[in-house]
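In case you want the letters, here they are:
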Amino acid sequence: MALSGTIEKTFSRGYTLRTNWSATQSVSGNYSTVTCSHYLICNSGYDLYIGSRSNSCIVGGSTKAFSSAAISTGGGSTISLGTTTHTINHNADGTASVGISTTFSVKATISGS
């Protein structure tokens, strides 16, 4: 299992949701602890003014909710949305393979839609 990485998705041309993750392994406990840090990148010229939001991150079936504070930006900034921590049990042979999914509830009008 890789011990760190980044996943990201750009939407509406000006905004990118990024999750940086890292894992630490417990060989004796046969599990890993995966920590995910969530960010919203607003490109220059892409405003965003929204209230606080409830969001979620799923790592290998382990769902964790996280709240993000209100966002007020004229763009050109990276906003920390929050951090989640997940415990992933390994197979009997010590291996594990999981997917990571992050949902950020924008609920905003962007470019009129």
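This structure is a prediction, so every number in the text was calculated from the model and none was measured.

1. What about the overall build of the protein chain?
When its secondary structure is counted, the protein chain shows zero helices and nine strands. Helices and strands in the protein chain line up, N terminus first, as β-β-β-β-β-β-β-β-β. C-alpha atoms of the protein chain, sized along the principal axes, occupy 50 × 20 × 20 Å. For the protein chain, the proportion of its 113 residues judged to be buried stands at 35%. Per element, the accessible surface of the protein chain, about 6200 Å² overall, is 47% carbon and sulfur.

2. Quick word on the pattern of salt bridges
Taken as a whole and assessed by the stated rule, the structure comprises one salt bridge. In this structure, Glu8 and Arg18 form a salt bridge, with 2.7 Å as the shortest nitrogen-oxygen distance. A residue pair is termed long-range when its members are at least 10 positions apart, and Glu8 in strand 1 (residues 4-11) and Arg18 in strand 2 (residues 15-26) qualify at 10 residues.

3. So, the sheet that holds strand 2
The strand order across the open sheet formed by four strands is 1-2-3-8, and the pairing between neighbours is antiparallel. Strands at the two margins of the open sheet, each flanked by one partner only, are strand 1 and strand 8 (77-89). Here the average twist between neighbouring strands, direction ignored, is 15°. One ladder, built from eight bridges, connects strand 1 with strand 2; its direction is antiparallel. Pairing of Gly5 across the sheet is with Trp21, part of strand 2.

4. Let's talk about the packing of aromatic side chains
A complete count under the given rule lists two aromatic pairs for this structure. Seen in terms of ring centroids, Phe11 and Tyr15 are 5.9 Å apart; in terms of plane orientation they differ by 25°. Their pairing is stacked. What makes Tyr15 buried here is its relative accessible area of 4%. Measuring from centroid to centroid gives 5.6 Å for Tyr15 and Tyr46, while their planes differ by 80°, and the two rings are edge-to-face. With a gap of 31 residues between them, Tyr15 in strand 2 and Tyr46 in the loop between strand 3 (31-42) and strand 4 (48-50) connect regions that are remote in the sequence. Ring pairs connect the aromatic residues Phe11, Tyr15 and Tyr46, which therefore count as one cluster.

5. What to know about the environment of Ser105
Along the polypeptide, Ser105 turns up in the segment after strand 9 (100-103). Remark: the alpha-carbon pair of Ser105 and Arg53, spanning 52 residues in sequence, is separated by 6.4 Å. Look past the residues within four positions of Ser105 in its chain and what remains in contact with it is Arg53, Ser54 and Asn55. Only 3.2 Å separates the side chain of Ser105 from the backbone oxygen of Ser54, close enough to count as a polar contact.

6. Thoughts on the nonpolar core
The biggest cluster of nonpolar side chains holds 20 residues, and the ones touching the most others in it are Val34, Leu40, Leu48, Ile71, Leu81 and Phe104. Look past the residues within four positions of Leu48 in its chain and what remains in contact with it is Tyr15, Leu40, Cys42, Ile71, Ser72, Thr73 and Ala108.

7. Brief notes about unusual backbone geometry
Look at Asn30: it is not a glycine, yet its phi comes out positive at around 60°. Look at Asn30 and you get partly exposed, because its relative accessible area is 25%.

Reading the values: rules and limits
Residues numbered from 1 in each chain as written. Predicted model: local features only at pLDDT ≥ 70, side-chain atom pairs only at ≥ 80, totals over all residues. Heavy atoms only, no water. Helix = DSSP H or I, 4+ residues; strand = E, 2+ residues; numbered from the N terminus. Buried < 20%, exposed > 50% of the residue type's maximum accessible area, 1.4 Å probe, protein only. Areas by Shrake-Rupley, 256 points an atom, 1.4 Å probe, with all protein chains shown as cover. Salt bridge = Lys/Arg side-chain N within 4 Å of Asp/Glu carboxyl O. Pairing = 2+ DSSP bridges. Axes fitted to C-alpha atoms, helices over the stretch in contact; angles between N-to-C directions. Phe/Tyr/Trp six-rings, centres within 6.5 Å; stacked < 30°, edge-to-face > 60°. Contact = heavy atoms within 4.5 Å. Polar contact = N/O pair within 3.5 Å; in protein donor to acceptor, adjacent residues only side chain to side chain. Core = buried A, V, L, I, M, F, W, Y, C linked by side-chain atoms within 4.5 Å.

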